[in-house]
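Observations on the model geometry
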Amino acid sequence: METIQRPNNFILHIIEQDLSDNKNNGRIVTRFPPEPNGYLHIGHAKSICLNFGIAGDYQGNCNLRFDDTNPHKENAEFVDAIQKDVQWLGFDWGDHLYFASDYFEKLYEFAVELINKQKAYVCDLTAEEIREYRGTLTQPGANSPYRERSINENLDLFKRMRNGEFADGERVLRAKIDITSPNMNLRDPTLYRIRHGVIHHQTGEAWCIYPMYDYTHPISDALEGVTHSICTLEFEDHRPLYDWVLDNVSVPCHPQQIEFSRLNLEYTVVSKRKLNQLVEEGHVEGWDDPRMPTISGLRRRGYTAAAIRDFCGRIGVTKSDNVVEIGVLENCIREDLNANASRRMAVLHPLKIIIDNFPADKVEELDAINHPQDPSQGIRKIPFTREIFIDREDFREEAPRKYKRLVSGGEVRLRYGYVIRCDEVVKNNQGEIIELHCSYDASTLGADPEGRKVKGVIHWVSASHGVEAEIRLYDRLFNHPTPNQGAGDNDYRERLNPDSLRTLTRCRIEPALADAMPGDRFQFERVGYFCLDQAMVSTDVPVFNRIVTLRDTWAKLEKQHPAG
RNA sequence: UGGGGUGUAGCCAAGUGGUAAGGCACGGGAUUUUGAUUCCCGCACGCCCAGGUUCGAAUCCUGGCACCCCAACCA
């Protein structure tokens, strides 16, 4: 399983080069800098694996730093959830847990330094005015009338901003760079804004001015001695500003910002804002809804951390736009679970079978192996009785071509048990099949029948010994491969898949499954991989979440040739 | 009409002047008491397009084209 083929990407090339140049004295420090304004998703996992992976590969370290400069959108719940998710993914930040808010005082001092160097000024323009003065993509902006204030006046005003003498929006601190720059980010960007009345989850009410990301991030990186500051492509335009800040302030080092393209996944959205909307508007049950591409959702769905790490390794790291097929993720969890999950039998759509020639009071304990390729998982006993359930999909009155399950008058093998023959089909007044009468061939336990070939094997559960369960079949959350595609920013909500959750009640599972612990994963033979839900432990029936189906070449065949 | 990026198979993605890795998907076959797994085999005369340089170009040069990102007191 641990066939870790060394990932090969352009960021690693840069690092190898830096190492051979003895840049930073061979030190490697990265960081993962989430804003605690939502839960982490699969796109963050890509970044986490990259940053922590580099630290691990090069004996460096990776800091977990909360980018908590906008208290309006952030809270402690997110701080906790993010730490849990990173840990669960298998990464350790040691004692390198930081908050950008740890640096608020230093950030303030650096701002004073900028003012003293005439590199920053307090601006009285309103937000709308600033926007107007900034110009457009194709037209240069015009200088703010407050741009040439004296150092002393700026110092005084900035101090009074901090002291709470001005209302929200009344003044901001701006960098003095170039209002005509073709790069919008350099047109005197805002450095500090005033925010009264919010309680910051780390600093409480200590501050009423908050630094902006573009100012905070480079300084935080430098203060922590980060060597490689890896972020996504949309910040590429910000790099000149990142460098400008570090060049104009007395920080101990100058980290290198490197950008890579963010992950896009078919049939899902990977945007904290949109995921937040799905939660807030009740389209899903929460951030950890098993349909969500969040780390917590995937965890509850039954994905393993190893599978997610494997996925992140397979998709690569580049600067090109990409939309990864959902099948790649599914393949990763199948591969993990195929190797590790114990096999069990469960009937999702029960159809009763009465085996007429089997004694009514007899219970025969049959041996079943827990894993076909891993003998160390041992065997278990499964009770075989006169009445059993099979899946309705495993019976047809008339067999299509190539169908090898049970048909009227035909034979099929019960997994780990006997060959049975269907003698009679019982229907109700509506013509629905309600039960089957069969007979079993006692000579076929662990042996092929005399003179006949039985191709099919189906799974089953004892009617008297089986346990009732609820099974939730999850499907893709969106029915469009790229829900974001198209102009409307909110169109994605119209592409929600109405059938993303199908709840099956009164399913029957084999008795051994009654002992499962929340979070345990199994392969239900011939059906898929399932996980005992971790949040529904209080209900009287166990709830299993479908993680992913088994590959199903029969279904594919049927789809291609519906007639059979 | 500005700036910054990216174009290699259906989807990811190696490749850094010497004759197109790998994974997923797909197609064919073998094994199988899971139509699973596993195992074989196949899958770019071609690298966005057009010119050019070179003995030789996905890689270098020139000119196009397409797509993505940027005008929060968000990150």
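If you're wondering where the values come from, they're calculated on a predicted model, not measured in any experiment. (Residues numbered from 1 in each chain as written. Chains lettered and ligands numbered in written order. Predicted model: local features only at pLDDT ≥ 70, side-chain atom pairs only at ≥ 80, totals over all residues. Heavy atoms only, no water.)

1. Some points on the packing of helix α4 (residues 104-116) against helix α6 (residues 151-162)
The line we're drawing: Axis lines are fitted through C-alpha atoms, for helices just across the contact stretch, and the angle between N-to-C directions can take any value from 0 to 180 degrees. The helix count covers DSSP runs of H or I at least four residues long, the strand count covers runs of E at least two residues long, and both are numbered beginning at the N terminus. In these notes the angle categories are as follows: under 35 degrees is roughly parallel, over 145 is roughly antiparallel, 65 to 115 is roughly perpendicular, and the rest is oblique. Throughout, a crossing is termed right-handed when the near helix is turned clockwise from the far one, and left-handed when it is turned anticlockwise from it by less than a right angle. Any two residues whose heavy atoms approach within 4.5 Å at even a single point are treated as in contact. The classification used treats Ala, Val, Leu, Ile, Met, Phe, Trp, Tyr, Cys and Pro as nonpolar, Asp, Glu, Lys and Arg as charged, and all other residues, Gly among them, as polar.
Close contact between α4 and α6 brings their axes to 9 Å; oriented N to C, the two are set at 160°. Looking at the two axes, α4 sits roughly antiparallel to α6. Pair α4 / α6 crosses with right-handed handedness. Listed contacts from α6 to E105, Y108, A111, V112, I115 and N116 of α4 are I151, N154, L155, F158, K159 and R162. Looking at the contact of α4 with α6, its residues break down into seven nonpolar, two polar and three charged.

2. With respect to unusual backbone geometry
Peptide bonds are mostly trans, and most non-glycine residues show a negative phi. In this structure, N25 takes a positive phi of about 55° despite not being glycine. Note that N25 resides in the loop between α1 (10-20) and β1 (29-32). Of note in the backbone geometry, R526 takes a positive phi value of approximately 70° without being a glycine. Mapping R526 onto the fold places it in the loop between β25 (521-524) and β26 (528-532).

3. Side note on the packing of aromatic side chains
Put simply, the rule is: Pairing of aromatic rings covers Phe, Tyr and the six-membered ring of Trp, with a centre-to-centre limit of 6.5 Å; geometry is then stacked below 30 degrees between planes, edge-to-face above 60, and tilted otherwise. The buried label applies to any residue whose accessible area, calculated with a 1.4 Å probe on protein chains only, is under 20% of its type's maximum; exposed applies above 50%, and partly exposed to all values in between.
Per the stated rule, a full pass over the model turns up 22 aromatic pairs. Each ring, one from Y108 and one from F158, has its centre 4.7 Å from the other, and the planes form 15°; the classification is stacked. Here Y108, found in helix α4, pairs with F158, found in helix α6; they are 50 residues apart in sequence, far enough to count as distant. Owing to a relative accessible area of 1%, F158 belongs among the buried residues under this scheme.

4. A closer look at the sheet that holds strand β5 (residues 172-175)
Our working rule: What makes two strands pair is DSSP finding at least two bridges between them.
Spatial ordering of the open sheet is given by β4-β5-β6-β7, a layout of four strands whose pairing is antiparallel. Here the strands that pair on one side only, and so sit at the sheet edges, are β4 (120-123) and β7 (209-211). Direction aside, the axes of adjacent strands within the sheet are offset by 20° on average. Here β4 pairs with β5 via four bridges, running antiparallel. Pairing of V122 across the sheet is with L173, part of β5.

5. Thoughts on the nonpolar core
For clarity, the cut-off: Grouping buried Ala, Val, Leu, Ile, Met, Phe, Trp, Tyr and Cys residues that are joined through side-chain atoms within 4.5 Å yields what is termed a nonpolar core. Just so you know, the domain bounds were taken from an automatic or database domain assignment.
Membership of the largest hydrophobic core comes to 41 residues, with the highest contact counts inside it found for I42, V86 and F311. Listed by contribution, the elements that provide at least two residues to this core are α2 (42-57), β2 (61-66), α3 (76-88), α10 (295-301), α11 (305-315), α12 (326-340), β26 and β27 (543-549). With six residues, the single largest contributor to this core is α2. Split by domain, this core shows at least three residues from each of two domains, domain 1 (24-260) and domain 2 (265-342 + 469-560). Within the second largest apolar cluster, 35 residues are counted, among which are F110, L114, M161 and V249.

6. A short note on α3
Every α-helix carries 3.6 residues per turn, so stepping three or four residues along brings you back to the same face. Counted only if it meets this: Under the convention used throughout, the expected extent of a helix is 1.5 Å for every residue step, that is, one less than its residue count. For the purposes of these results, a polar contact is taken to be a pair of N or O atoms within 3.5 Å, where, inside protein, one atom must be able to donate a hydrogen and its partner to accept one; residues adjacent in sequence count only when each atom of the pair is a side-chain atom.
The terminal C-alpha atoms of α3, which comprises 13 residues, lie 18 Å apart, in line with the 18 Å expected from a rise of 1.5 Å per residue. Those residues of α3 lying buried are F78, V79, A81, I82, Q83, D85 and V86. The N-capping residue of α3, defined by a side-chain oxygen 2.9 Å from the backbone nitrogen of E77, is N75. Trailing α3 by a residue or two, G90 shows a phi angle of about 105°, which is positive.

7. Topic: the environment of R380
Mapped onto the fold, R380 is located in strand β14 (residues 379-384). Judged by its relative accessible area of 8%, R380 is buried. Residues R380 and A368 lie twelve residues apart in sequence; the distance between their C-alpha atoms is 5.4 Å. Setting aside anything within four residues of it in sequence, one finds R380 in contact with R343, R344, M345, L366, D367, A368, I369, N370, Y416, E510 and A512. Polar side-chain contacts of R380 include one of 2.8 Å to the side chain of N370.

8. Regarding the protein's contact with RNA strand B
Stated precisely, the cut-off is as follows: Each residue is tested against the molecule or strand, and it is near if at least one of its non-hydrogen atoms lies within 4 Å.
As a structural note, the neighbourhood of RNA strand B is formed by 69 residues, with T69, R343, R415, Q523 and R551 the closest of them. A share of 65% is what sugar and phosphate atoms reach among the atoms of RNA strand B within 4 Å of the protein. Interatomic distance of 3.1 Å between a side-chain N/O atom of N8 and a sugar or linking oxygen of RNA strand B. With respect to RNA strand B, the side chain of T69 contributes an N or O atom lying 2.6 Å from a phosphate oxygen. Counting residues per element, the ones that place at least two in the surface near RNA strand B are α5 (127-134), β6 (190-194), α11, α12 and α13 (553-560). For the surface near RNA strand B, the residue count by class is 22 nonpolar, 22 polar and 25 charged.

9. Points about the pattern of salt bridges
Quick note on the threshold: In the sections that follow, a salt bridge refers to a side-chain nitrogen of Lys or Arg positioned within 4 Å of a carboxyl oxygen of Asp or Glu.
Inspection of the entire model under this criterion finds 37 salt bridges. Residues E105 and R162 are paired through a salt bridge, measuring 2.8 Å at the closest nitrogen-oxygen approach. Of this pair, E105 sits in helix α4 while R162 sits in helix α6, and the two are 57 residues apart along the sequence. The salt bridge involving K117 is made with E113; its shortest N-O contact spans 2.8 Å. For E113, a relative accessible area of 16% translates into the label buried. Taken together, the salt bridges that share partners define one network made up of D124, R149, E153, E170 and R171.

10. Brief notes about the environment of I379
Relative to the elements of secondary structure, I379 occurs in strand β14. The class of I379 is exposed, set by a relative accessible area of 52%. When the C-alpha atoms of I379 and S342 are compared, they prove to be 10.0 Å apart, with 37 residues separating the residues in sequence. Leaving out residues up to four positions away in the same chain, I379 has contacts with D367, A368, I369 and N370.

11. A short note on the sheet that holds strand β3 (residues 97-99)
One open sheet holds the three strands; their spatial order is β1-β2-β3, and the pairing between them is parallel. Since the sheet does not close on itself, it has two edges, and those belong to β1 and β3, each with one partner. Adjacent strand axes in the sheet meet at a mean angle of 35° when their direction is disregarded. Sheet strands touched by α2: β1 and β2. Its angle to β1, the strand with the most contacts, is close to 160°. Contacts from α3 reach β1, β2 and β3, with the element oriented near 160° to β2.

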